[in-house]
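For reference, the chains in residue letters:
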Amino acid sequence: MNKKLHFFQSIHFKIALVFALLLFITFQIVGAVFIQRLKSENLKQFKQNIEIPAYVNNMLVTQLNEADTAKANDKIKTILDDINNNNISDIQVVDAKGVIRGENNVNNRSMIGQKVTNTNITQVLYSGRTFTQTMYNERDNHRYYISITPLFNASGNNNTVVGAIYVRANLENVYDSVNSVTVIFITAALIATGIGLALAIFVSSAITRPIDEMKKQTARIARGDYSGQVHVYGQDELGQLAQAVNNLSARVEEAQEATESERRRLDLILAHMSDGVIATDRGGKITIINEMACEALEVSATEVTGRSILDVLNIRDQYSIRELLESQDEIILEDLDTMRDQILNANFSLIQRRSGFIIGIVCVLHDITEQQKIDRERRQFVSNVSHELRTPLTSMRSYIEALNEGAWQDPEIAPAFLKVTQEETDRMIRMINDLLSLSRMDLGKVELELELVNLNELFNYILDRFDMMLEKDSNDTREVTKNYTIKRDFTDKDLWVEVDTDKIIQVVDNIMNNAIKYSPDGGVITCRLLETHNHVIMSITDQGLGIPKKEISHIFERFYRVDKARSRAQGGTGLGLAISKEVIEMHRGRIWVDSTEGKGSTFYISLPYEEYGEGDLWDEE
Ligand code: ADP
């Protein structure tokens, strides 16, 4: 596009050439007319100049009519000698008979008295009409003007030809002067053309320089360089054009900047979007992919740019680009080629020109893994709750039916049946209370009533209650309960921690109850309290059946029980640990379990701890 212009192709040259040619042609025409006119004028002048005056003619006629030829010839000679005209090189006087009667050229005097040989003269004598001729003499390379004029007898009415006068005049002077004028003219024309050419070059360069500058500036604009300015030389059309180019440059720069900043803004938005964005061309080849999309698909932008979106999203088997363009549906992507088991929601929309022409697709990827998980959990939870409530209700119904059908009359069975229904009702109430407190915690309605307590003392207090329960049970002879021993391994230090006392008691109670529940009779339950540099850890170890490894990660889930029948038989709701976990997490603590199947389990509760008071120099970690 930006090809270098050859000088002969440039406007600069063309204008100069046209100028010079115009000048040259003008000079040619003017010169030709002028020289032609000059020549004819000179010739006319010359002819007038060499014309023999009438009185001379009359004198000659008189002499030709003279009978005395010799005398007349002398007279004629005198007359001819008197004609002092430099232009005339030869004058001959011929009488009506064609005899040469006078001659002014000394060299030709011998011809006097001889018959004329020139047929033109005899023709004139015969016809009585003037004859003129321009002839070229090869001998002396001169052009001559020849005029043969008949001489008429003036007396009387009869115009008889008495002779003729032959005049030969050298035309070279006339031509020489015309030629010298022509030379002057041509020289002047050439000089003028030269000056004209120089002027034309100057003028055209004045025109083409701004054009050239504008050409360069527009080329710079095309390259994206807006720094230059076209120099405005004047207020003429070119000046206005230069001004327009400068304005255009400024406009384009503004527009470019606006587009650029818009693009940067878009890039920034794309880069910081929490959703993945992929843009493709018409054919579905990826042109833009943002950081999030790369992360979600575990690819790099350079690696997928130019590849088909169908391959990158692994949906080639289900969809074609045409289908994506036409339907613009949402697609759930589940089997992506990625390490994480994630579920993405892909939303497709078209990029269209104002005319409606489709230029590509935009795909927004949204990670719905968590949402799907929550949805699944929610469904699971509803099914669990229904199931948990149905079981006790079914068993209660069968007992009530049995009672209804007459068992109430049996004093042995009736109390036992009623006891079972009461237990089931209690369990349902417990479960519903647990569910309510969990739901309150989920909704964030539960607020901790924090107070600074000495955890050492609180833990002891809870365990004392369990010891007392054991004593009370052993005194109570009506019912045989499980036997256990609680061992304590506590730090001596007072550990002041900000907790909601009631809730912590509830958690420890729950874990202790589980420990007892799942321990063999007479088992030892070891309780420890220790501190790390910023945590206090309570642990409760039992010698029970333990928890299988693969179940460990689930036991804090709602309604999760390793052995459902056994747990239910023990009156468990399957919600205790879930509540405990919520409570501890509300305290910004952590609860976890360590267990070996068949040997026992250890539950740990860790709470954040900051040291209060003085004298704790050993805590330097
Ligand atoms: P549950 O009311 O059934 O005890 P939890 O939420 O308190 O409900 O406990 C969930 C499950 O974790 C129990 O069903 C049981 O299978 C298991 N589990 C809890 N504590 C222990 C323990 N100390 N030893 C063995 N398994 C336990």
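Parameters at a glance
- Residues numbered from 1 in each chain as written.
- Predicted model: local features only at pLDDT ≥ 70, side-chain atom pairs only at ≥ 80, totals over all residues.
- Heavy atoms only, no water.
- Helix = DSSP H or I, 4+ residues; strand = E, 2+ residues; numbered from the N terminus.
- Pairing = 2+ DSSP bridges.
- Axes fitted to C-alpha atoms, helices over the stretch in contact; angles between N-to-C directions.
- Contact = heavy atoms within 4.5 Å.
- Buried < 20%, exposed > 50% of the residue type's maximum accessible area, 1.4 Å probe, protein only.
- Salt bridge = Lys/Arg side-chain N within 4 Å of Asp/Glu carboxyl O.
- Expected span 1.5 Å × (residues − 1).
- UniProt positions renumbered as here; feature names shortened; annotations may be inferred.
- Patch = residues over 30% accessible without salt bridge, like charges linked within 9 Å, V, L, I, M, F, W, Y side chains within 5 Å.
- Areas by Shrake-Rupley, 256 points an atom, 1.4 Å probe, with all protein chains shown as cover.
- Near = heavy atom within 4 Å.
- Polar contact = N/O pair within 3.5 Å; in protein donor to acceptor, adjacent residues only side chain to side chain.
- 1 Å grid on protein atoms, 1.4 Å probe; cavity = no way out; pocket = protein on both sides within 12 Å on 5 of 7 lines; lining within 4 Å.
- Points joined across faces, edges and corners; volume = space filled by probe spheres on them.
- Nonpolar A, V, L, I, M, F, W, Y, C, P; charged D, E, K, R; others polar.
- Parallel < 35°, antiparallel > 145°, perpendicular 65-115°, else oblique.

Visitor: Sorry, what's going on with unusual backbone geometry here?
Guide: What you tend to see is this: most non-glycine residues have negative phi, and most peptide bonds are trans. A positive phi angle, close to 55°, is found at Asn 141, a residue other than glycine. On the secondary structure map, Asn 141 appears in the loop between β3 (131–137) and β4 (142–152). Positive phi, normally seen in glycine, also occurs at Arg 588, with a value near 60°. Relative to the elements of secondary structure, Arg 588 occurs in the loop between α17 (576–586) and β16 (590–596).

Visitor: Just checking my understanding: could you explain the sheet that holds strand β8 (residues 330–333) for this structure?
Guide: Strands in a sheet are paired, the pairing made by backbone hydrogen bonds, and the direction either parallel or antiparallel. Read across the sheet, five strands follow the order β7-β6-β10-β9-β8 without closing on themselves; strand pairing throughout is antiparallel. Looking at the sheet topology across the chains shown, the edges are occupied by β7 (286–289) and β8. Within the sheet, the average angular offset between the axes of one strand and its neighbour, ignoring direction, is 25°. Looking at chain direction, β8 and strand β9 (residues 344–352) are connected through four bridges and run antiparallel.

Visitor: Explain the sheet that holds strand β17 (residues 600–608) to me, please; I cannot follow it from the model alone.
Guide: Spatial strand order, β12-β14-β15-β17-β16: five strands in an open sheet with mixed pairing. The outermost strands of the open sheet, each flanked by one partner alone, are β12 (484–490) and β16. Sheet twist, expressed as the mean angle between neighbouring strand axes with direction ignored, is 15°. Bridge count between strand β14 (residues 523–531) and strand β15 (residues 535–541): six bridges; the pairing is antiparallel. Bridge pairing links Leu 530 to Ile 537 in β15. Sheet strands in contact with helix α14 (residues 501–517) are β12, β14, β15, β16 and β17, and its direction is about 30° off that of β15.

Visitor: What exactly am I supposed to notice about the environment of Asp 90 here?
Guide: Mapped onto the secondary structure, Asp 90 falls in strand β1 (residues 88–95). What makes Asp 90 buried here is its relative accessible area of 5%. Sequence spacing of Asp 90 and Val 106 is 16 residues, and the spatial spacing of their C-alpha atoms is 9.4 Å. Every residue in contact with Asp 90, bar those within four places of it in the chain, is listed here: Glu 103, Asn 104, Asn 105, Asn 108, Tyr 166, Val 167 and Arg 168.

Visitor: What should I look at first to understand the pattern of salt bridges in this one?
Guide: A side chain with one charge can pair with a side chain of the opposite charge if their charged atoms come near. Counted under the stated rule, the structure contains 28 salt bridges. One salt bridge in this structure joins Asp 311 and Arg 316, with 2.6 Å as the shortest N-O distance. On the basis of relative accessible area, Arg 316 is assigned to the partly exposed category, the value being 44%. Ionic pairing is found between Glu 424 and Arg 427, a salt bridge with its closest N-O pair at 3.8 Å. Here Arg 427 and Glu 424 lie together in helix α12 (residues 413–442), a separation of three residues that amounts to about one turn. Across the pair, exposure class does not vary: Glu 424 and Arg 427 are buried alike. Counted as one network, the salt bridges with shared partners bring together Glu 260, Arg 263, Arg 264 and Asp 267.

Visitor: Sorry if this is basic, but what is going on with α12 here?
Guide: Because the α-helix completes a turn every 3.6 residues, residues three or four places apart line up on one side. In a regular helix each residue adds 1.5 Å, so 30 residues correspond to 44 Å; α12 covers 43 Å between its end C-alpha atoms and thus fits that length. Ala 414, Thr 421, Glu 424, Arg 427, Met 428, Met 431, Asp 434, Leu 435, Ser 437, Leu 438 and Met 441 are the residues of α12 that are buried. Of the surrounding secondary structure, the elements contacted by the buried residues of α12 are α11 (369–404), α16 (564–569) and α17. One or two steps after α12, the chain reaches Gly 444, where phi turns positive at roughly 75°.

Visitor: Can you walk me through the UniProt feature "coiled-coil region" (unreviewed entry) in the protein in this structure?
Guide: Within this numbering scheme, the UniProt entry marks residues 238–265 as carrying the feature "coiled-coil region" (unreviewed entry). End C-alpha to end C-alpha, residues 238–265 measures 40 Å, and it is 100% helix and 0% strand.

Visitor: Would you mind showing me how to read a nonpolar patch on the surface here?
Guide: A cluster of nonpolar residues, Ile 11, Ile 191, Ile 195, Leu 199, Phe 202, Val 203, Ile 207 and Ile 211, forms a patch on the protein surface that exposes about 690 Å² of accessible area. In terms of residues, the nonpolar patch owes the most to one element, helix α5 (residues 172–223), which gives seven residues. The residue Ile 195 is located in helix α5 in this model. Using a relative accessible area of 49% as the deciding quantity, one classes Ile 195 as partly exposed.

Visitor: Explain the UniProt feature "domain: HAMP" (unreviewed entry) in the protein here, please?
Guide: Taking the UniProt record as the reference, the feature "domain: HAMP" (unreviewed entry) is found at residues 205–257. Spanning residues 205–257, this segment combines 75% helix with 0% strand, and its end C-alpha atoms are found 35 Å apart.

Visitor: Just to check I follow, could you spell out the site of the ligand for this structure?
Guide: Around the ligand sit 21 residues, and of these Asn 514, Asp 542, Arg 561, Ser 567 and Leu 577 come closest. In the model, an oxygen atom of the ligand is placed 2.8 Å from a nitrogen or oxygen of the Asn 514 side chain. Gly 576 is positioned with one of its backbone polar atoms (N or O) 3.4 Å from an oxygen atom of the ligand. Taking 530 Å² as the accessible area of the ligand by itself, protein coverage stands at 97%. Elements with a contribution of two residues or more to the shell around the ligand: α14, α17 and β17. With four residues, the top contributor of residues to the shell around the ligand is α14.

Visitor: Sorry if this is basic, but what is going on with the environment of Thr 78 here?
Guide: Relative to the elements of secondary structure, Thr 78 occurs in helix α3 (residues 69–82). Overall, Thr 78 belongs to the partly exposed group, its relative accessible area being 45%. Spatially, the C-alpha atom of Thr 78 lies 9.5 Å from that of Gly 102, the residues being 24 residues apart in sequence.

Visitor: Help me out: how do you make sense of the layout of surface pockets in this one?
Guide: A water-sized probe, rolled over the atoms, reveals where empty space remains. Taken as a whole, the second largest pocket spans an internal volume of roughly 760 Å³. In this structure, the second largest pocket is lined by 23 residues; those nearest its centre are Glu 377, Arg 378, Phe 381, Glu 557 and Arg 558. Those elements giving two or more residues to the lining of the second largest pocket turn out to be α11 and α17. The residue makeup of the lining of the second largest pocket, split by class, is six nonpolar, four polar and 13 charged.

Visitor: Looking at this model, I keep getting lost on the packing of α5 against helix α6 (residues 237–272). Mind explaining?
Guide: Two packed helices can be described by the angle between their axes and the distance between those axes. Remark: α5 packs on α6, axes separated minimally by 10 Å, with the N-to-C direction vectors making an angle of 10°. Classified by the angle their axes make, α5 and α6 are roughly parallel. Side by side, α5 and α6 meet where Ile 207, Pro 210, Ile 211, Met 214, Gln 217, Thr 218 and Ile 221 of the first sit next to Leu 238, Leu 241, Ala 242, Val 245, Ser 249 and Val 252 of the second. When its residues are assigned to classes, the contact of α5 with α6 shows ten nonpolar, three polar and no charged.

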